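# Structural characterization, general
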Amino acid sequence: NYRYDNKRKAVLMLPRYGLINFDEVNRLTERQQPVLKNMLQLPTIDEYKPYASTSAQMPRYASLIGTSNNFDVITDLTGSRRYVCMNVTGNIKLPKTLNYPQIYAEAVYEIEHGRRYWLDEQDEKALMERNLRFVKMPAEAETFDTLFEAAQPEDPEAEWLYASEINQRLHPTVHKPMTTRQARDFRAYMNTQGVISRRSNAGMVYCLKQKTPKSV
């Protein structure tokens, strides 16, 4: 088990351990999340041995797991493909002993016979959709759903809008521009909603139509 504190210390654990568990992973701060994202994808780690003048590349062995009592464990919408989230609804029952040699032999056999051990584009898309329930959506998400919906370009009510224009309609009394973080989260949220987008001279525009207010 490991509670996150030092970036360098955390990275150096990757070539030294087989499994690293982060308790209450949802408590990682906004500054710590990019480091965790980097740890998930590092194949090797540069490490300086005592009294050495140059670094040595160490192979990464560790896998990362985390626990949480909350569902909103993923704060980076664009990086949800790096996680495999599971909702544990009961006690996990394991046999008293595990046949590790047999498990290893089966893994080696499948790799030697060409079994794919990486995710392709279709796998990643399915994983991101599956992980949506564990993603912490930006604050604008709920407001967006009440006012807009995705549209097809041929729809006569469709509009191509910039993020700033959408934000202005969502918050007509607020005249403060979106922050870089808000804009990034907004783009990622548009992707999760299947909104069609295209690049224009001034940036990305999104194909939307405004919902008709329900009469009371």
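Up top is the structure these notes are about.
Reading the values: rules and limits
- Residues numbered from 1 in each chain as written.
- Predicted model: local features only at pLDDT ≥ 70, side-chain atom pairs only at ≥ 80, totals over all residues.
- Heavy atoms only, no water.
- Helix = DSSP H or I, 4+ residues; strand = E, 2+ residues; numbered from the N terminus.
- Rg over C-alpha atoms; globule rule 2.2 N^0.38 Å.
- Buried < 20%, exposed > 50% of the residue type's maximum accessible area, 1.4 Å probe, protein only.
- Contact = heavy atoms within 4.5 Å.
- Lys, Arg positive; Asp, Glu negative; His and termini not counted.
- Charge placed at Lys NZ, Arg CZ, Asp CG, Glu CD.
- Salt bridge = Lys/Arg side-chain N within 4 Å of Asp/Glu carboxyl O.
- Phe/Tyr/Trp six-rings, centres within 6.5 Å; stacked < 30°, edge-to-face > 60°.
- Lys NZ or Arg CZ within 6 Å of the ring centre and 35° of its normal.
- Expected span 1.5 Å × (residues − 1).

### Some points on the overall build of the chain
Along the chain, the regular secondary structure elements total 7 helices and 8 strands. Computed over the C-alpha atoms, the radius of gyration of the chain is 22 Å, more than 25% above the 17 Å expected from 2.2 N^0.38 for a compact globule of 216 residues. Across the 216 residues in the chain, those meeting the buried criterion constitute 29%. Sequence-distant contacts, at least 24 apart, represent 69% of the contacts inside the chain between residues at least 6 apart. Across the chain, the 30 positively charged side chains and the 26 negatively charged ones have centroids separated by 6 Å.

### Structural notes on the pattern of salt bridges
Where charged atoms from two side chains of opposite charge come close, those side chains can pair. The full count for this structure, using the stated rule, is 5 salt bridges. Arginine 116 is the partner of aspartate 123 in a salt bridge, and the nearest nitrogen-oxygen pair spans 2.7 Å. With a closest N to O distance of 2.9 Å, glutamate 159 and arginine 169 form a salt bridge. With glutamate 159 in strand 6 (residues 159-162) and arginine 169 in helix 6 (residues 163-170), this pair connects stretches of sequence that are 10 residues apart. Overall, the relative accessible area of 28% leaves glutamate 159 in the partly exposed class.

### Some remarks on the packing of aromatic side chains
Ring pairs (aromatic) are described by centroid distance and by the angle formed between their planes. The tally for this structure, following the rule as stated, stands at 3 aromatic pairs. The positively charged end of arginine 198 is found above the aromatic ring belonging to tryptophan 160, 4.0 Å away from the centroid.

### With respect to helix 3 (residues 100-112)
An α-helical turn contains 3.6 residues, so any two residues separated by three or four positions project in the same direction. For helix 3, built from 13 residues, the straight-helix expectation of 18 Å at 1.5 Å per residue is met to within 8% by its first-to-last C-alpha distance of 18 Å. Glycine 114 lies just past helix 3 and shows a positive phi near 80°.

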